[in-house]
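These are the residues of each chain, in order.
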Amino acid sequence: MTLFDALAQQAKACAALGSPFMGRMLPFLAEVWPAGSSLDAAVQAFEGDIGPSGHSLPLRLASGLHALVLTQQDPELIAAYPPNDVSDNVLKSVLASALSRHEAFLIQWITSPPQTNEVRRSAVLIAGAHALVHRSEVTQVHLSELGASAGLNLMLEQYALTAGDTRLGPENAALTLAPDWSGPAPVIAPFTVTDRRGVDLNPLDPHTPEHALRLRAYLWADQAHRVALTDAAIQVNRAHVDQSDAVDWLEGRLADAPQGRMHLIYHTVAWQYFPPERQATGTALIEAAGAQATSETPVAWLRMEADGTARGAAVTARLWPGNHHIDLGRADFHGRWVDWADDPT
């Protein structure tokens with residue numbers, strides 16, 4: 001796949017996810033791309049798939065430009081970015097200048113992989129956790145997140161979810177998620193998080209300016225509500241994310257799981273990036289832990305992952321003892337909508 005193909009593919013995906021600016025801007029990058037430059041050489045040095053399913057070079061480049069806006073390094077770029085609006089010709093001219101003026105910054109920026117800790121995915125995590133607590137009747141919960149990034153979704157019980165007329169979460173919630181909800185209302189089964197920890201190959205500390213910038217830069221400039229939610233989540237974040245291979249980490253985490261609590265293992269749009277052999281090993285580890293689960297120490301595996309269908313991600317769970325397979329529904333990759341299938345009745 002060429003960079004131009006990758007930019008076009010990513011533009012289509014961003015437009016479908018509610019970002020007309022990204023849908024417009026990314027093809028313009030292709031038109032003004034500085035072929036033969038040092039930046040071009042840095043991009044060409046990537047091996048393998050550079051598109052959305054691989055290295056995600058379009059998102060790396062776009063986030064670098066957004067970082068320049070957020071840090072107010074380029075007044076012309078700021079004037080061309082949302083909430084401002086300029087003509088196509090002006091936007092292309094500004095992009096071309098920015099690629100040239102900030103070449104060294106962009107070359108360095110794209111060396112790091114995408115880091116998007118989408119807080120809106122907590123909508124299905126909240127509803128899923130309540131559903132699993134309701135089934136297990138164990139209200140003390142031990143959280144383990146795989147591919148946790150900065151750990152913002154490890155604070156899920158601090159957030160509120162409104163689903164139609166139903167509200168889950170504390171009255172003084174740090175933020176409120178309100179996806180377009182269809183299907184049955186989620187069950188309400190209050191629980192207490194007794195421990196939370198995550199793992200990521202490249203974890204971010206959202207309380208450091210550099211890492212907070214990276215989290216915000218990977219959000220899209222015309223989606224200010226996502227930035228506001230991320231900022232609110234950062235304010236209450238106190239989760240720890242370890243740097244490690246997720247499956248190696250999980251083996252130790254399972255061994256240290258306490259008694260008298262549900263161990264809730266979960267991930268959102270992360271499993272697909274694990275090599276097949278790591279997926280197989282991780283599945284075997286969780287199943288082995290599930291085989292040892294009791295009614296006092298249940299094990300739950302909650303997943304929000306692509307499954308090859310055209311609409312969003314599948315939200316599924318397994319619960320032990322009993323190895324129950326539960327279809328919870330489907331959700332938009334960014335949490336904009338939820339088609340809930342779990343009916344507690």
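Residues numbered from 1 in each chain as written. Predicted model: local features only at pLDDT ≥ 70, side-chain atom pairs only at ≥ 80, totals over all residues. Heavy atoms only, no water.

Novice: I'd like to hear about the side chain of Asn117, residue by residue, with values.
Specialist: As for its placement among the helices and strands, Asn117 is situated in the loop between α7 (103-109) and α8 (122-136). Owing to a relative accessible area of 5%, Asn117 belongs among the buried residues under this scheme. A polar atom in the side chain of Asn117 sits 3.1 Å from the backbone nitrogen of Ala150. The contact partners of Asn117, leaving out residues within four places of it in the chain, are Ala148, Ser149, Ala150, Gly151, Leu152, Asn153 and Leu215. (Helix = DSSP H or I, 4+ residues; strand = E, 2+ residues; numbered from the N terminus. Buried < 20%, exposed > 50% of the residue type's maximum accessible area, 1.4 Å probe, protein only. Polar contact = N/O pair within 3.5 Å; in protein donor to acceptor, adjacent residues only side chain to side chain. Contact = heavy atoms within 4.5 Å.)

Novice: Outline the packing of aromatic side chains, supporting the account with residue identities and numerical values.
Specialist: Across all of its chains, the model carries five aromatic pairs by this definition. Joined through ring pairs, the aromatic side chains of Trp271, Phe274 and Trp301 make up one cluster. Note that Lys92 overlies the ring of Phe28, its terminal NZ or CZ placed 5.2 Å from the centroid. Sitting above the plane of the Trp220 ring, Arg226 keeps its charged end 5.1 Å from the centroid. (Phe/Tyr/Trp six-rings, centres within 6.5 Å; stacked < 30°, edge-to-face > 60°. Lys NZ or Arg CZ within 6 Å of the ring centre and 35° of its normal.)

Novice: Outline the sheet that holds strand β10 (residues 313-320), listing residues and values.
Specialist: Read from one edge to the other, the open sheet built from nine strands follows the order β5-β12-β11-β10-β9-β8-β1-β6-β7, with strand pairing classed as mixed. Edge strands, defined here as strands with exactly one partner in the open sheet, are β5 (180-182) and β7 (241-243). Neighbouring strand axes in the sheet, compared pairwise and without regard to direction, differ in orientation by 20° on average. Pairing of strand β1 (residues 140-146) with strand β6 (residues 192-200), which is carried by seven bridges, proceeds in the parallel orientation. By the bridge assignment, His142 is partnered in β6 with Asp195. (Pairing = 2+ DSSP bridges. Axes fitted to C-alpha atoms, helices over the stretch in contact; angles between N-to-C directions.)

Novice: So what's going on with the sheet that holds strand β4 (residues 176-177)? Which residues, and what values?
Specialist: Strands sit in the order β3-β2-β4 across an open sheet of three strands; the sheet is mixed. Pairing within the sheet leaves two strands with one partner each, and these edge strands are β3 (166-168) and β4. Note that strand β2 (residues 160-163) and β4 share two bridges and pair parallel. In the sheet register, Ala160 faces β4, and the bridge partner there is Thr176.

Novice: An account of the pattern of salt bridges is needed here, citing residue identities and associated values.
Specialist: For the structure on display, the rule yields 19 salt bridges. Between Arg101 and Glu76 there is a salt bridge; the shortest N-O distance is 3.8 Å. With Arg101 in helix α6 (residues 88-101) and Glu76 in helix α5 (residues 75-80), this pair connects stretches of sequence that are 25 residues apart. Classification of Glu76 by relative accessible area gives partly exposed; the value is 43%. Among the salt bridges present, the one from Asp342 reaches Arg135, with a minimum N-O distance of 2.6 Å. (Salt bridge = Lys/Arg side-chain N within 4 Å of Asp/Glu carboxyl O.)

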